[in-house]
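Below, each chain spelled out in residue letters.
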Amino acid sequence: MKTLKIEMIHDVVCSWCPIGYANLKQALSNLDVEDEILFLPYELNPEMGAKGESIDAHLSRRYQWNQSTLGDYRENLLAVAKQAGVCIDFSKRSHYYNSNKAHRLIHWCEGYNKQQAMNNLLIDAYFKRGLDISNTQVLLDLAEQLGLDREEGRLALNADDITQQLQLKKQRVLQQEVTSVPAYIFNGSNLITGSNSVEYFEQVIRGLTTNNQPSFDVAS
């Protein structure tokens with residue numbers, strides 16, 4: 001079985017990131033390709049306060065969307081999410097939250113080779129259950145679900161060395177000149193963006209695993 005190294009640039013509160021992730025994983029499974037996925041943080045709202053902000057209020061303020069536009073956006077998002085097998089429950093997921101601590105937790109889990117498992121738990125907690133993923137206790141509960149030590153997790157959420165390591169990852173993202181997420185770096189150099197279809201990802205993967213050359217338009 002071939003192995004493909006993928007760096008996924010994402011934010012934990014990005015609606016399109018779990019869709020892209022699900023389609024990517026399905027494509028890898030379809031082609032029987034083993035993955036080594038690492039996550040690079042891209043905080044959409046780094047200044048978000050402790051209480052978060054209503055999703056509708058945030059989108060209306062940021063993009064000047066009216067209720068009709070918000071409704072159309074949500075309808076399209078839910079249709080694409082359903083096709084990808086991703087549950088987004090807006091009856092529970094009502095707010096955007098600061099995602100810094102969640103990114104720190106994923107990075108800490110990388111040391112235990114449980115970063116993908118934590119990403120999956122965060123997707124379920126936030127998009128399906130509407131939990132506040134900026135809340136320390138919520139995050140530590142997720143760490144315990146993976147069999148990790150709660151107190152070590154608490155220390156990791158405030159550790160200076162993790163701050164420095166995350167900064168290096170953010171510098172990696174800046175080097176790519178990414179302006180939206182999700183985005184993916186395949187084998188260290190081939191960048192594409194967007195929550196693409198399973199078929200598109202299959203095309204990318206075939207090109208990289210068959211010829212060691214991308215058969216796609218980068219940053220598309």
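First, a word on scope: everything that follows refers to the structure included in this document. (Residues numbered from 1 in each chain as written. Predicted model: local features only at pLDDT ≥ 70, side-chain atom pairs only at ≥ 80, totals over all residues. Heavy atoms only, no water.)

## Looking at the packing of helix H4 (residues 100-110) against helix H5 (residues 115-128)
For clarity, the cut-off: Only the stretch in contact is used when fitting a helix axis, every axis being a line fitted to C-alpha atoms; angles between N-to-C directions are given from 0 to 180 degrees. By definition, any uninterrupted DSSP run of H or I lasting at least four residues is a helix, any uninterrupted run of E lasting at least two residues is a strand, and each is numbered from the N terminus. Each angle is binned into one of four classes, with values under 35 degrees roughly parallel, values over 145 roughly antiparallel, values of 65 to 115 roughly perpendicular, and all other values oblique. Working rule for contacts: check all heavy atoms of both residues, and any pair within 4.5 Å makes them a contact. When residue character is reported, Ala, Val, Leu, Ile, Met, Phe, Trp, Tyr, Cys and Pro are called nonpolar, Asp, Glu, Lys and Arg charged, and the others, Gly included, polar.
Running from N to C, H4 and H5 cross one another at 150 degrees; their axes reach a closest spacing of 7 Å. Looking at the two axes, H4 sits roughly antiparallel to H5. Along its contact with H4, which presents Ala 102, Leu 105, Ile 106, Cys 109 and Glu 110, the element H5 presents Gln 115, Met 118, Asn 119 and Leu 122. Class assignment for the residues of the contact of H4 with H5 results in six nonpolar, two polar and one charged.

## A closer look at the pattern of salt bridges
The cut-off we apply is this: Between Lys or Arg on one side and Asp or Glu on the other, a salt bridge is scored when a side-chain nitrogen of the former is within 4 Å of a carboxyl oxygen of the latter. Relative accessibility thresholds used throughout: buried, under 20% of the residue-type maximum; exposed, over 50%; partly exposed, between the two (1.4 Å probe, protein chains only).
Taken as a whole and judged by the stated rule, the model has 11 salt bridges. Among the salt bridges present, the one from Asp 35 reaches Lys 25, with a minimum N-O distance of 2.9 Å. Here the residue Asp 35 occupies a position in strand E2 (residues 34-41), and Lys 25 occupies one in helix H1 (residues 17-30), the gap between them amounting to 10 residues. Assessed through its relative accessible area of 27%, Lys 25 is described here as partly exposed.

## Some thoughts on the packing of aromatic side chains
Formally: Each Phe, Tyr or Trp ring, with Trp reduced to its six-membered ring, pairs with another whose centre is within 6.5 Å; inter-plane angles below 30 degrees give stacked pairs, above 60 give edge-to-face pairs, and intermediate values give tilted ones.
All chains considered together, the criterion is met by 10 aromatic pairs. Measuring from centroid to centroid gives 4.8 Å for Tyr 126 and Phe 127, while their planes differ by 75 degrees, and the two rings are edge-to-face. Of the two residues examined, Tyr 126 and Phe 127, each falls in the buried class. Ring centres of Tyr 184 and Phe 186 lie 6.4 Å apart, and the angle between their planes is 45 degrees; on these two criteria the pair is classed as tilted. Judged by its relative accessible area of 0%, Tyr 184 falls in the buried class. Judged by its relative accessible area of 0%, Phe 186 is buried. Counting every residue linked through ring pairs, the aromatic cluster contains Trp 16, Tyr 63, Trp 65 and Tyr 73.

## With respect to unusual backbone geometry
A cis amide bond, omega 5 degrees, links Val 181 with the succeeding residue Pro 182. When you line up the elements, Pro 182 lands in the loop between helix H8 (160-176) and strand E5 (183-186). For Asn 113, which is not glycine, the phi dihedral falls at a positive 60 degrees. With relative accessibility at 65%, the residue Asn 113 sits in the exposed group. One non-glycine residue, Glu 177, adopts positive backbone phi at about 55 degrees. Among the structural elements, Glu 177 can be located in the loop between H8 and E5.

## Quick word on the sheet that holds strand E6 (residues 190-193)
To keep it simple, the criterion reads: Here, any two strands with at least 2 DSSP bridges between them count as paired.
Reading across from one edge, E2-E1-E5-E6 is the order of the four strands in this open sheet, with mixed pairing throughout. Strands at the two margins of the open sheet, each flanked by one partner only, are E2 and E6. If you compare each strand with its neighbour and ignore which way they point, the axes differ by 25 degrees on average. Where strand E1 (residues 3-10) and E5 come together, four bridges link them in antiparallel fashion. Bridging from a neighbouring strand, Glu 7 pairs with Ile 185 of E5.

## Focus: the environment of Leu 131
Tracing the backbone through its elements, the reader meets Leu 131 in the loop between H5 and helix H6 (136-145). Separated by 41 residues in the primary sequence, Leu 131 and Arg 172 place their C-alpha atoms 29 Å from one another. In this structure Leu 131 touches Tyr 97, Ala 125, Tyr 126 and Val 138, once residues within four positions along its chain are discounted.

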